[in-house]
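Reading the structure
The residues making up each chain are set out below.
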Amino acid sequence: MSEDKKILKKAHEKTIESKVEKDQEQEENNLRRIETLEKEKDDFKNKWLRSKADYQNLEKQSIQRISQEILKKKLNLLLEFITIYEDFIRAQDSLSKNNVDTSGIEIIRKNMEKILSENNIVPIVAIGKPFDPQIHEAISMVEDDSVDEGTIIQEVAKGYYAEEAILKPSKVIVSKK
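Read on for an overview of the structure. (Residues numbered from 1 in each chain as written. Predicted model: local features only at pLDDT ≥ 70, side-chain atom pairs only at ≥ 80, totals over all residues. Heavy atoms only, no water.)

Time to look at the environment of K171. By the secondary structure assignment, K171 is in strand β6 (residues 170–176). Taking relative accessible area as the criterion, K171 reaches 33% and is therefore assigned partly exposed. Considering only alpha carbons, one finds K171 and V20, 151 residues apart in sequence, at a separation of 96 Å. (Helix = DSSP H or I, 4+ residues; strand = E, 2+ residues; numbered from the N terminus. Buried < 20%, exposed > 50% of the residue type's maximum accessible area, 1.4 Å probe, protein only.)

Printed below as a string of structure tokens:
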């Protein structure tokens, strides 16, 4: 082999080595870039998942808050409705004592009772029961030896449950010894 061929061969080998080194360097750069992009993708995915969870939590809280507010407004309206219902009962009782026909009031009262029932409003049974400050409001105490102390002997105003919660406590007179 001639000296020129050897020089050309060496130069060609160096060019190939240089190109291989550049390709390896480029491949390493590409791998680092892929790794960086995968980390960014994972970060974005995690941020998205957190944001989605935050949104879902906010949505649940908002629905719960709105539902509670609607229930509160509904119960307040029903409480006002009960006041009117009780006025009809008093009017009917008063008119009946004066021998006035109350059949029209009776129909209205039945319709009102239907509305209360449809909304799960149930009267509290108080007479003869032990006094419970959670559901009764004592307006007076009267000595009565015929019943145990703390027994409700008279109901002055009816109380009502609204789906196991107390909508309006019963106003009662309680026995004492």
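One finds L78, F81, I82, Y85, M112, L116, I121, Y160, A162 and L167 forming the largest nonpolar core, which totals 10 residues. Of all elements in the fold, only α1 (3–97), α2 (103–118) and β4 (160–162) reach the threshold of two or more residues within this core. A total of 4 residues in this core trace back to one element, the largest contributor, which is α1. With near-sequence residues (within four places) excluded, M112 lies in contact with F81, I84, Y85 and F88. (Core = buried A, V, L, I, M, F, W, Y, C linked by side-chain atoms within 4.5 Å. Contact = heavy atoms within 4.5 Å.)

The strands making up a sheet associate through backbone hydrogen bonding, with each pair oriented either parallel or antiparallel. The strand order across the open sheet built from 3 strands is β1-β4-β5, with neighbouring strands paired in antiparallel fashion. Single-partner strands in this sheet number two, and they are β1 (121–123) and β5 (165–168). Averaged over neighbouring strand pairs, the angle between their axes works out to 40° when direction is ignored. With respect to the sheet, α1 is in contact with β1, β4 and β5, its orientation differing from that of β5 by roughly 50°. (Pairing = 2+ DSSP bridges. Axes fitted to C-alpha atoms, helices over the stretch in contact; angles between N-to-C directions.)

A few words now on the sheet that holds strand β2 (residues 136–143). Here we have 3 strands laid out as an open sheet, ordered β2-β6-β3, and mixed in their pairing. What marks the edges here is a single partner per strand, and that holds for β2 and β3 (152–157). Each adjacent strand pair in this sheet contributes to an overall mean axis angle of 30°, direction not counted. One ladder, built from 7 bridges, connects β2 with β6; its direction is parallel. Its bridge partner being in β6, M141 is matched across the sheet by V174.

On to α2, then. It helps to recall that an α-helix has 3.6 residues per turn; residues three or four apart then point in one direction. Counted at 1.5 Å a residue, the expected span for α2 with its 16 residues is 22 Å, and the 23 Å between its end C-alpha atoms agrees. Along α2, the residues classified as buried are I105, R109, M112 and L116. The arc enclosing the buried residues of α2, seen along the axis, measures out at 65°, which places them on a common side. Opposite the packed face of α2, turned more than 90 degrees from it, sit the exposed residues I107, K114 and E118. (Expected span 1.5 Å × (residues − 1). Arc of directions from axis to C-beta.)

Once the charged atoms of two side chains with opposite charge are near each other, the side chains can pair. Scanning the entire structure with this criterion turns up 10 salt bridges. Among the ionic pairs, D42 bridges to K41, the shortest N-O distance being 3.8 Å. You can call K41 exposed: its relative accessible area is 53%. E69 serves as the salt-bridge partner of K73, at 3.9 Å between the closest nitrogen and oxygen. With a gap of 4 residues between them, K73 and E69 both fall in helix α1, about one helical turn apart. One salt-bridge network, in which partners are shared between bridges, spans E106, R109, K110 and E113. (Salt bridge = Lys/Arg side-chain N within 4 Å of Asp/Glu carboxyl O.)

Looking now at the side chain of H136. Looking at the secondary structure, you find H136 in strand β2. Judged by its relative accessible area of 4%, H136 falls in the buried class. Once you skip the residues sitting within four places of it in the chain, H136 turns out to touch I124, V125, A126, P130, F131, I152, P169, S170 and V172.

Function cannot be read off these values alone, since they describe shape.
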